[in-house]
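Here are the chains, one letter per residue:
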Number of protein chains: 2
Amino acid sequence: MNNQLPSVILQNAVEALRTLPGVGSRTALRYALNLMRRTQPEVEHFTTAVSRLKTDLKTCRRCCNVSDSDLCPICSSPKRDNTTLCVVENVQDVMAIENTNSYNGLYHVLGGVLSPIDGIRISDLNIAQLLARIPAEPIAEVILALPTTMEGDTTNFYLNKQLAPLHVRVSTLARGVAIGDNLEYADEVTLGQSIVNRIPFSTPN
Amino acid sequence: MNNQLPSVILQNAVEALRTLPGVGSRTALRYALNLMRRTQPEVEHFTTAVSRLKTDLKTCRRCCNVSDSDLCPICSSPKRDNTTLCVVENVQDVMAIENTNSYNGLYHVLGGVLSPIDGIRISDLNIAQLLARIPAEPIAEVILALPTTMEGDTTNFYLNKQLAPLHVRVSTLARGVAIGDNLEYADEVTLGQSIVNRIPFSTPN
């Protein structure tokens with residue numbers, strides 16, 4: 001479809017918008033034509049908001065989460081339990097856990113997981129910052145909440161080894177059958193783990 | 001999901017990206033985090049390409065299509081048949097017809113169709129420019145290729161009335177059963193029109 005675009009400027013905008021994840025040329029054209037029809041201040045507002053992601057967004061110096069200031073709202077909140085630290089891969093994971101309303105501790109954002117294939121090494125992640133936090137803060141427990149992939153497990157294993165001499169309790173997320181799932185549709189590894197790691201029965205209150 | 005965003009800057013970017021057609025907050029966040037991870041020059045390239053849609057993109061002074069210069073490539077091409085003019089609603093329609101490789105005439109982009117409900121009046125469309133072109137150019141036929149909606153039909157009717165005194169042949173797109181369609185699935189209006197406007201049988205060559 002793009003080879004018929006009447007304008008190089010439009011073509012360039014479509015190609016730029018195509019770089020967004022999951023956007024093909026048809027969607028990119030739709031975005032471009034939509035932007036084209038807006039007023040100059042509206043488009044400026046749009047591009048400024050995007051630019052500021054790079055120019056003004058900071059990284060929290062404590063937990064490495066994105067932040068507007070030096071210290072993110074979670075790290076600077078006096079209401080959070082500063083004895084528990086949850087290690088996650090990225091910002092979305094922080095938001096996902098926050099949305100559960102089941103956790104009131106602090107976070108540490110690794111910025112990825114170890115992956116030799118993708119060239120992500122120990123020095124690419126915020127691991128040194130994590131290990132420096134343990135003696136400096138009153139942390140009693142570290143929860144490893146990394147993805148259940150080979151890369152996540154490798155990272156879990158490495159972190160667990162590094163945390164061992166630091167005298168903190170290390171835990172990981174419970175694995176098991178999801179709430180609302182039929183047993184027959186659960187994969188056998190998950191179902192197997194949920195039997196091995198069974199928990200005492202409690203009536204819902 | 002958004003109420004948990006750790007940063008106002010990120011929140012603003014997500015809200016800006018949400019204004020794109022068909023983009024919800026989850027997709028906007030995915031776009032924002034993707035943009036956040038790019039280098040400064042990459043983000044600048046992205047925002048510049050978008051900005052130029054407003055600052056540098058022109059409208060062809062003849063056909064009102066988008067263009068990089070004063071006259072679009074179609075209007076300035078000596079290979080196009082300048083006796084036939086196809087009136088379309090927007091840029092995408094020009095591209096759709098160009099992609100058929102079945103038309104070699106010129107275009108006129110109205111920039112919309114008459115719609116009292118949406119407040120689109122005659123003066124909002126490029127109708128004056130169209131009527132000025134007919135005596136000024138060697139146009140013998142005007143093809144009305146507007147959408148088959150009530151608004152499109154209203155516009156067709158209005159244009160036909162305005163074109164009548166200008167001594168040009170006025171035609172419209174053939175309506176009928178789409179190629180590859182089963183008759184039983186065609187809507188009755190289309191099927192009815194395709195019987196009334198039946199064409200002489202010709203063997204495919």
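Residues numbered from 1 in each chain as written. Chains lettered and ligands numbered in written order. Predicted model: local features only at pLDDT ≥ 70, side-chain atom pairs only at ≥ 80, totals over all residues.

**Re the overall build of chain A**
- Scanning chain A for helices and strands turns up eight helices and six strands.
- Seen in sequence order, chain A has helices and strands lined up from the N terminus as α-α-α-β-β-α-β-α-β-α-β-α-β-α.
- Taken over the C-alpha trace, chain A has a radius of gyration of 22 Å; the compact-globule value for 205 residues is 17 Å, which it surpasses by more than 25%.
- In terms of overall dimensions, chain A has a C-alpha envelope of 65 × 45 × 40 Å along the principal axes.
- Among the 205 residues that make up chain A, the fraction classed as buried is 28%.
- In chain A, 44% of the contacts between residues at least 6 apart in sequence involve partners at least 24 apart. (Helix = DSSP H or I, 4+ residues; strand = E, 2+ residues; numbered from the N terminus. Rg over C-alpha atoms; globule rule 2.2 N^0.38 Å. Buried ≥ 20, exposed ≤ 12 C-beta atoms within 10 Å, placed from the backbone. Contact = placed C-beta atoms within 7 Å.)

**Things to note about the interface of chain B and chain A**
- In this assembly, 46 residues from chain B lie in contact with 46 residues from chain A.
- When residues of the side of chain B that touches chain A are traced back to their parent elements, those giving at least two are helix 1 (8–18), helix 2 (25–36), helix 3 (40–55), strand 2 (66–67), helix 4 (73–76) and helix 5 (91–100) of chain B.
- Here the element with the most residues in the side of chain B that touches chain A is helix 3 of chain B; it accounts for eleven residues.
- Split into classes, the residues belonging to the side of chain B that touches chain A amount to 28 nonpolar, twelve polar and six charged. (Nonpolar A, V, L, I, M, F, W, Y, C, P; charged D, E, K, R; others polar.)

**Some words on the pairing of strand 6 (residues 169–172) of chain B**
All names here are of chain B.
- Pairing between strand 5 (residues 141–144) and strand 6: four bridges, direction parallel. Looking across to strand 6, one finds that E141 is bridged to R169.
- Remark: the strand 5/helix 7 (residues 150–163)/strand 6 crossover connection has right-handed handedness. (Pairing = 2+ DSSP bridges. Right-handed = clockwise from strand over helix to strand, strands pointing away.)

**A closer look at the domain arrangement of chain A**
- By domain assignment, chain A separates into domain 1 (2–55) and domain 2 (59–172).
- In this structure, domain 1 of chain A and domain 2 of chain A have C-alpha centres spaced 35 Å apart. (Domains from an automatic or database assignment.)

**Notes on the sheet that holds strand 3 (residues 81–88) of chain B**
Residues and elements named next belong to chain B.
- The parallel open sheet is built from four strands, whose spatial order is 4-3-5-6. Every other strand in the sheet has two partners, leaving strand 4 (105–109) and strand 6 as the edge strands with one partner each. Mean inter-strand twist for the sheet, computed between neighbouring axes without regard to direction, equals 25 degrees.
- Pairing geometry for strand 3 and strand 5, over four bridges, is parallel. Bridged to C86 within strand 5 is I143. (Axes fitted to C-alpha atoms, helices over the stretch in contact; angles between N-to-C directions.)

**Points about helix 2 of chain B**
- Under the 1.5 Å per step criterion, the end-to-end length of helix 2 of chain B is 16 Å for twelve residues, consistent within 8% with the ideal 16 Å.
- Within helix 2 of chain B the residues assigned to the buried category are B:L29, B:Y31, B:A32 and B:L35. Taken down its axis, helix 2 of chain B places every buried residue within 160 degrees of arc, on the same side.
- Packing partners of the buried residues in helix 2 of chain B comprise helix 3 (40–55) of chain A together with helix 1 and helix 3 of chain B. (Expected span 1.5 Å × (residues − 1). Arc of directions from axis to C-beta.)

**As for unusual backbone geometry**
- In the Ramachandran plot, A:N101 falls in the positive-phi region, its phi being about 55 degrees despite a non-glycine side chain.
- Relative to the helices and strands, A:N101 is located in the loop between helix 5 (91–100) and strand 4 (105–109).

**Points about the sheet that holds strand 4 of chain A**
Residue and element names in this part refer to chain A.
- Pairing in this open sheet of four strands is parallel, and the strands run 4-3-5-6 from one edge to the other. Because the sheet does not close on itself, it has two edges, and the strands there are strand 4 and strand 6 (169–172). Put simply, the sheet's adjacent strands are angled 25 degrees from each other on average, direction ignored.
- As judged from the five bridges shared by strand 3 (residues 81–88) and strand 4, these two strands associate in the parallel manner. Paired with C86 across the strands is Y107, a residue of strand 4.

**Let's talk about the relation of the copies chain B and chain A**
- Superposing chain B onto chain A takes a rotation of 179 degrees combined with a translation of 0.0 Å along the rotation axis, leaving an RMSD of 0.1 Å. Such values leave the two copies arranged in the relation of a two-fold axis. Rotation axis and chain B: the residue whose C-alpha lies nearest the axis is B:T47, separated from it by 2.6 Å.
- Most of the interface of chain B is mirrored in chain A: 98% of its interface residues are interface residues there too. (Least-squares fit on C-alpha atoms with pLDDT ≥ 70 in both.)

**Here's the deal with the environment of A:E15**
- Topologically, A:E15 is positioned in helix 1 (residues 8–18).
- Sequence separation of A:E15 and A:T84 is 69 residues, and the distance between their C-alpha atoms is 45 Å.

**A closer look at the environment of B:D68**
- Note that B:D68 resides in the loop between strand 2 and helix 4.
- Residue B:D68 is classed as partly exposed on the basis of its 17 C-beta neighbours within 10 Å.
- Spatially, the C-alpha atom of B:D68 lies 28 Å from that of B:Y31, the residues being 37 residues apart in sequence.
- Not counting the four nearest positions on each side in its chain, B:D68 is found in contact with A:S7, A:V8, A:I9 and B:K58.

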